[in-house]
Amino acid sequence: MTTYSALLRGINVGGNKKVPMADLRALLTESGYGGVRTYLQSGQAVFTAERGDEESLAADLAAAVEKRFGFAVDVLVRDHAYLRAVRQGCPFPADRLEGRQLHATFFSAPVDEERFASVARERFLPEEFRLGDKVLYLYAPEGLGRSKLAVALASRRVVGDVVATTRNWNTVRKLEELTAA
């Protein structure tokens, strides 16, 4: 039995793609997953599964959400070991920063520096980013809402066909904690 976190992209933002967390928990339970919990209202769930891999679990959950709610949602699924590695691999001093200053953008596939070559990093200082294993770490001292670098990194020209979803560092830490059980 493995514990996973599901990251649903773009739900409950600005009144669009509403997915009540109670309904998401019910959907996961009805789909046969155990230990179902949600975190906040912005698309995080934790569950256990006896078999499957992250990609197939994400595809199954995305299909179930579309069937139940009538709209497509990108879903990424990550296990505890991966979330722990993301936290431990953070190149920024996470213990000295506020959770709103540090973010992790999770990708559906590996990305490399070449993908971000068009982003003139020096224009955005003191904001900066670094890449990890299917994750981008973003330091935004004024928070994500004011980050010009975050806008540049999220452009379709840069992201391309890779699914990307961002969480603040407090959420990353909490999901690692919740999947440890």
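Residues numbered from 1 in each chain as written. Predicted model: local features only at pLDDT ≥ 70, side-chain atom pairs only at ≥ 80, totals over all residues. Heavy atoms only, no water.

Quick notes on unusual backbone geometry
Residues Leu125 and Pro126 are joined by a peptide bond in cis, for which omega reads 15 degrees. Looking at the secondary structure, you find Pro126 in the loop between strand E5 (102-107) and strand E6 (128-132). Despite not being glycine, Lys134 shows a phi value in the positive range, around 55 degrees. Topologically, Lys134 is positioned in the loop between E6 and strand E7 (135-139). (Helix = DSSP H or I, 4+ residues; strand = E, 2+ residues; numbered from the N terminus.)

Section: the pattern of salt bridges
All chains considered together, the criterion is met by seven salt bridges. The partner of Arg130 in a salt bridge is Glu128, with the nearest N and O atoms 2.8 Å apart. Note on Arg130: relative accessible area 34%, which makes it partly exposed. Note that Glu177 and Lys174 form a salt bridge whose closest N and O atoms lie 3.1 Å from each other. Highlighted residues: Glu177 and Lys174, both in helix H6 (residues 169-179), separated by three residues, approximately one helical turn. Its relative accessible area of 26% is what places Lys174 among the partly exposed residues. (Salt bridge = Lys/Arg side-chain N within 4 Å of Asp/Glu carboxyl O. Buried < 20%, exposed > 50% of the residue type's maximum accessible area, 1.4 Å probe, protein only.)

Concerning the side chain of Arg78
With respect to the helices and strands, Arg78 occurs in strand E4 (residues 75-79). Arg78 gets classed as buried once you look at its relative accessible area, which sits at 3%. Discounting residues that sit within four places of it in the chain, Arg78 has contacts with Tyr4, Ser5, Glu54, Leu83, Phe107, Ser108 and Lys134. (Contact = heavy atoms within 4.5 Å.)

Geometric values such as these leave the question of function open.
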